[in-house]
Amino acid sequence: MTDLNSILEPGMLVRHPQHPEWGIGQVQSNAGGKITVNFREEGKVVIDGARVTLALAFDA
């Protein structure tokens, strides 16, 4: 898991860098490198934090 992903906590807003069409997502959990995010346009997705670095959404 990257350093950025390790600071993600429930309630934080993020974007998936490879899927901008998913819109902004809200972190639901972050445990053992698996980050569960509920995206506006895609729904709930479990992300492997070792493979994908999520971007914080400051403009939400």
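Placed above this text is the structure.
Nothing here was measured: the structure is a model prediction, and the numbers come from that model.

### What about the overall build of the protein chain?
Of the regular secondary structure elements, the protein chain holds one helix and five strands. Listed by position from the N terminus, the elements making up the protein chain come as α-β-β-β-β-β. In terms of overall size, the protein chain behaves like a compact globule, its C-alpha atoms giving a radius of gyration of 10 Å where 60 residues would be expected to give roughly 10 Å. The principal-axis extents of the C-alpha atoms in the protein chain amount to approximately 25 × 20 × 20 Å.

### Quick look at the pattern of salt bridges
Per the stated rule, a full pass over the model turns up one salt bridge. In this structure, aspartate 48 and lysine 34 form a salt bridge, with 3.8 Å as the shortest nitrogen-oxygen distance. Here aspartate 48 is found in strand β4 (residues 43–48), whereas its partner lysine 34 is found in strand β3 (residues 34–39), with 14 residues between them in sequence. Judged by its relative accessible area of 28%, aspartate 48 falls in the partly exposed class. For lysine 34, a relative accessible area of 41% translates into the label partly exposed.

What counts as what
Residues numbered from 1 in each chain as written. Predicted model: local features only at pLDDT ≥ 70, side-chain atom pairs only at ≥ 80, totals over all residues. Heavy atoms only, no water. Helix = DSSP H or I, 4+ residues; strand = E, 2+ residues; numbered from the N terminus. Rg over C-alpha atoms; globule rule 2.2 N^0.38 Å. Salt bridge = Lys/Arg side-chain N within 4 Å of Asp/Glu carboxyl O. Buried < 20%, exposed > 50% of the residue type's maximum accessible area, 1.4 Å probe, protein only.

Everything listed here is a matter of geometry and, on its own, says nothing about what the molecule does.
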